[in-house]
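Each chain, letter by letter, is given below.
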Amino acid sequence: MSSSVLDEQNFHHCCRLLLQQSEQLKDGWSWEAVQGSEEGYLRKTALRSVVTDSRPVWDHEGSSSESEPHTPCHTGLDQSGLVAPVDADSIEGDIDDEEDEGEDEGACTVSEGSSQVLQYEYHIVYSCSYCTPVLYFRASTLEGKSLSLEEVWSSVHPNFRLRLQNSPLNTITLQEHPLLGQPFFMLHPCRTEEFMRPVLQAAQDQHRPVNYVLSWLSVVGPVVGLDVPLKYSTQLHPTASLSSTKPD
Amino acid sequence: MADDKDVLRDVWFGRIPTCFTLNQDEVTEREAEPYYLLLPRVSYLTLVTDKVKKHFLKVMKAEDVEEMWFEYEGTPLKWHYPIGVLFDLHASNTVLPWSITVHFKNFPDRDLLHCPSSSVIEAHFMSSIKEADALKHKSQVVNDMQKKDHKQLWMGLQNDKFDQFWAMNRKLMEYSTEDGGFRYIPFRIYQTMSDRPFIQKLFRPVSPEGNVHTLGDLLKEMYPTALPNDEPLAGTLDQLKSSPTTTTTTTTTTPPCMSDTGALIPPPTP
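Conventions and cut-offs
Residues numbered from 1 in each chain as written. Chains lettered and ligands numbered in written order. Predicted model: local features only at pLDDT ≥ 70, side-chain atom pairs only at ≥ 80, totals over all residues. Heavy atoms only, no water. UniProt positions renumbered as here; feature names shortened; annotations may be inferred. Core = buried A, V, L, I, M, F, W, Y, C linked by side-chain atoms within 4.5 Å. Buried < 20%, exposed > 50% of the residue type's maximum accessible area, 1.4 Å probe, protein only. Contact = heavy atoms within 4.5 Å. Disulfide = S-S within 2.5 Å. Buried area = accessible area lost by both parts, 1.4 Å probe. Salt bridge = Lys/Arg side-chain N within 4 Å of Asp/Glu carboxyl O. Pairing = 2+ DSSP bridges. Helix = DSSP H or I, 4+ residues; strand = E, 2+ residues; numbered from the N terminus. Axes fitted to C-alpha atoms, helices over the stretch in contact; angles between N-to-C directions. Patch = residues over 30% accessible without salt bridge, like charges linked within 9 Å, V, L, I, M, F, W, Y side chains within 5 Å. Areas by Shrake-Rupley, 256 points an atom, 1.4 Å probe, with all protein chains shown as cover. Domains from an automatic or database assignment. Parallel < 35°, antiparallel > 145°, perpendicular 65-115°, else oblique. Nonpolar A, V, L, I, M, F, W, Y, C, P; charged D, E, K, R; others polar. pLDDT = per-residue confidence, 0-100.

As named in an unreviewed UniProt entry, chain B is Autophagy protein 5, taken from Larimichthys crocea. Under the UniProt heading Subcellular location (unreviewed entry), the entry covering chain B gives this text: "Preautophagosomal structure membrane". As recorded by UniProt, the Sequence similarities (unreviewed entry) comment attached to chain B reads in full: "Belongs to the ATG5 family."

The name an unreviewed UniProt entry assigns to chain A is Ubiquitin-like-conjugating enzyme ATG10, from the organism Larimichthys crocea. Word for word, the UniProt comment on chain A under Sequence similarities (unreviewed entry) is "Belongs to the ATG10 family."

Some words on the nonpolar core
In summary, soluble globular proteins display a tendency toward joint burial of nonpolar side chains. If you look at the biggest cluster of nonpolar residues, it comprises 53 residues, and the most contacted ones within it are Phe20, Leu45, Trp98, Val102 and Phe125 of chain B. In this view, leucine 45 of chain B contacts Leu39, Phe70, Leu77, Trp79, Ile83, Leu86 and Ile100 of chain B; residues no more than four positions away in its chain are not counted. Residues Cys131, Leu187, Ala203 and Leu217 of chain A belong to the second largest nonpolar core, which totals 45 residues.

Description of the state of the cysteines
Here a disulfide denotes one covalent bond, and it connects the sulfur atoms of two cysteines. Residues and elements named next belong to chain A. Summed over the entire model, instances satisfying the criterion amount to 0 disulfides over all chains. Summary of cysteine pairing: cysteine 14 is not part of a disulfide, and the nearest cysteine sulfur, belonging to cysteine 15, is at 6.9 Å. Taking the relative accessible area as the measure of exposure, cysteine 14 reaches 0% and is therefore buried. Of the cysteine sulfurs around cysteine 128, a residue in no disulfide, the closest is that of cysteine 131, at 7.5 Å.

As for the interface of chain A and chain B
At the junction of the two partners, chain A supplies 31 residues and chain B supplies 32 residues. Regarding the contact of chain A and chain B, the summed buried area is about 2,600 Å², with carbon and sulfur atoms giving 53% of it. The interface formed by chain A and chain B includes 3 salt bridges. Lysine 78 of chain B is the salt-bridge partner of glutamate 176 of chain A, the closest N and O atoms lying 2.5 Å from each other.

Section: the sheet that holds strand E4 (residues 75–76) of chain B
Residue and element names in this part refer to chain B. An order of E2-E1-E5-E3-E4 is seen for the 5 strands of this open sheet, with the pairing classed as mixed. A single partner strand is all that each edge strand has here, and the edge strands are strand E2 (35–40) and E4. Looking at chain direction, strand E1 (residues 15–22) and E2 are connected through 6 bridges and run antiparallel. Note that in E2 the partner of cysteine 19 across the bridge is tyrosine 36. Across the sheet, helix H3 (residues 50–57) touches E1, E2 and strand E5 (98–103), and the angle it forms with E2 is around 165°.

Thoughts on a nonpolar patch on the surface
Residue and element names in this part refer to chain A. Together, Leu47, Val117 and Leu142 line one region of the surface with nonpolar side chains, adding up to about 270 Å² of accessible area. Here valine 117 shows up in strand E3 (residues 113–127). Residue valine 117 is classed as partly exposed on the basis of its relative accessible area, which comes to 39%.

Describing the domain arrangement of chain B
All names here are of chain B. Per the domain assignment, the segments making up chain B are domain 1 (1–103) and domain 2 (118–172). Relative to domain 2, the C-alpha centre of domain 1 lies at a distance of 24 Å. With 14 residues of domain 1 at the contact, the number on the domain 2 side is 14 residues. Counting the surface lost from both domain 1 and domain 2, the interface buries some 1,300 Å², and carbon and sulfur atoms represent 76% of this. The three residues of domain 1 that bury the most area against domain 2 are Trp12, Tyr44 and Leu47, which together make up 49% of that side's buried surface. Linking domain 1 with domain 2 are 1 salt bridge, by the criterion used here. A salt bridge links aspartate 160 to arginine 15; the nearest nitrogen and oxygen atoms lie 2.8 Å apart.

Here's the deal with the packing of helix H1 (residues 8–25) of chain A against helix H6 (residues 212–220) of chain A
All names here are of chain A. Where H1 meets H6, the axes come as close as 7 Å, and the angle between the chain directions of the two elements is 70°. In terms of axis orientation, H1 runs roughly perpendicular to H6. Across from Phe11, Cys14, Leu18 and Gln21 in H1, the residues of H6 making contact are Tyr212, Val213, Leu214 and Leu217. Here the residues of the contact of H1 with H6 sort into 7 nonpolar, 1 polar and no charged.

Focus on the confidence of the model for chain A
Residue and element names in this part refer to chain A. Confidence along chain A averages 73 in pLDDT terms, with 64% of residues attaining 70 or more. The low-confidence segment residues 56–110 (pLDDT under 50) makes 119 contacts with residues lying over four places distant or belonging to another chain. Across residues 240–248 the pLDDT falls below 50, and counting only partners more than four positions away or on other chains, this stretch makes 24 contacts in the model.

Considerations on the UniProt feature "domain: Autophagy protein ATG5 alpha-helical bundle region" (unreviewed entry) in chain B
Mapped onto this numbering, the UniProt entry gives "domain: Autophagy protein ATG5 alpha-helical bundle region" (unreviewed entry) at residues 120–174 of chain B. Secondary structure content for residues 120–174 of chain B is 84% helix and 0% strand, while the C-alpha to C-alpha distance between its ends is 28 Å.

What about unusual backbone geometry?
Residue and element names in this part refer to chain B. For the bond from leucine 96 to proline 97, the omega torsion is 0°, close enough to zero to count as cis. As for its position among the elements, proline 97 is in the loop between helix H4 (83–90) and E5. Positive phi outside glycine occurs at serine 139, with the angle close to 70°. With respect to the helices and strands, serine 139 occurs in the loop between helix H5 (118–137) and helix H6 (140–144). Even without glycine at this site, aspartate 160 takes up a positive phi of about 55°. Following the sequence through the fold, aspartate 160 ends up in the loop between helix H7 (147–158) and helix H8 (162–172).

Structure, rendered in structure tokens:
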């Protein structure tokens with residue numbers, strides 16, 4: 001019976017494997033150590049071309065209609081304001097498999113968006129409280145101006161926004177980075193165990209190795225524009241990849 | 001827990017006399033007087049400073065006012081840390097009242113989280129409560145509570161209602177004696193010496209041999225430089241007292257033997 005949580009040692013092991021593959025694929029991940037200690041995080045920067053919806057994306061937290069705050073792990077997001085109609089062409093240039101989503105059933109009106117190139121920085125940090133990896137990221141214009149939470153939301157692909165609305169998967173909030181002390185956006189980790197459990201169980205049943213961090217990343221990454229190429233799973237790695245789950 | 005009620009009350013009602021002065025570069029229509037306030041140690045800056053904002057807005061034009069933020073001797077103050085922690089971290093060795101500078105422009109968004117409304121503070125507070133319970137009870141207690149219970153916890157803090165707060169918080173502070181206590185102790189050791197804002201790791205309340213861990217044991221394992229020369233715990237407390245940059249703190253839901261801010265040391269009486 002595999003555990004659907006990840007201890008720190010396994011986290012490091014999964015990161016090392018991911019790093020090896022990233023180097024082969026030239027996917028740009030690096031390991032940043034904390035002050036020469038064993039602790040650290042995976043880091044990657046990427047440029048994204050997005051069309052940011054000029055309209056506010058949601059009824060801002062604190063507006064009078066809301067009785068419930070946007071607490072992560074509760075109902076997720078306020079439905080009324082979240083999905084702003086977005087022009088169906090607001091697709092980032094670097095996600096190839098989403099090119100064909102021109103016919104978005106949900107999109108109604110066309111918005112005036114402006115196209116921008118943004119610099120994203122992604123960190124994968126281990127949470128010992130939840131025994132899972134957590135995705136932190138920040139975004140800025142090329143001139144170095146940080147994006148606000150609303151701007152980040154407006155650059156989340158409308159299909160993902162819809163999904164986030166309906167599932168308590170994650171909420172994007174502004175948090176202090178636990179290792180760097182600076183503001184970063186974060187996808188809340190408290191539901192990770194829920195969606196990883198079936199993945200790990202299936203892998204266990206089929207006697208297939210699984211990299212917890214890689215599988216997790218492939219679920220949460222695309223939501224915030226982080227592409228995880230299929231090649232991570234299809235290429236052969238030089239070292240035998242062991243299952244990263246902890247058998248009980 | 002009933003015996004500790006006095007300690008719980010002392011922690012809850014801890015106050016820091018503070019003087020708020022407007023940053024001299026702000027554009028005002030006339031001179032701004034400083035504003036004095038007793039800040040609750042267990043609360044958050046942006047939750048308790050509406051009066052401060054109102055006071056300074058009286059002498060400013062709306063167009064010169066953006067998101068309010070606070071600074072102490074050049075350091076932006078992180079509203080998402082409990083006030084007591086901020087004071088202990090930055091100003092515990094100085095004379096009271098604590099002098100904080102108020103800003104309405106040039107929000108330092110590389111240093112501070114934005115705080116557009118009280119629901120952001122509530123979300124942050126509840127997130128801390130949940131994380132603490134993940135460590136104590138694998139989230140079972142907090143997840144079994146109803147939404148209205150969570151709300152009561154928050155309202156108790158927001159409105160400074162000790163009984164209302166603890167009616168709910170005591171559930172989060174219970175553990176079966178068979179288990180030997182919480183699964184892990186939720187703690188954070190805040191420091192200003194490095195980029196890393198705090199140290200937070202897994203720590204069991206009881207050693208593998210069955211001995212109850214003390215604060216000294218925790219520090220020995222997590223922050224040994226706070227305990228040079230292997231001094232006994234009493235000596236250690238003196239050292240912590242005199243060290244301006246290290247504060248051991250815990251969330252408000254930890255056992256009452258630890259204060260929410262300055263470790264086991266009561267704050268200096270104003």
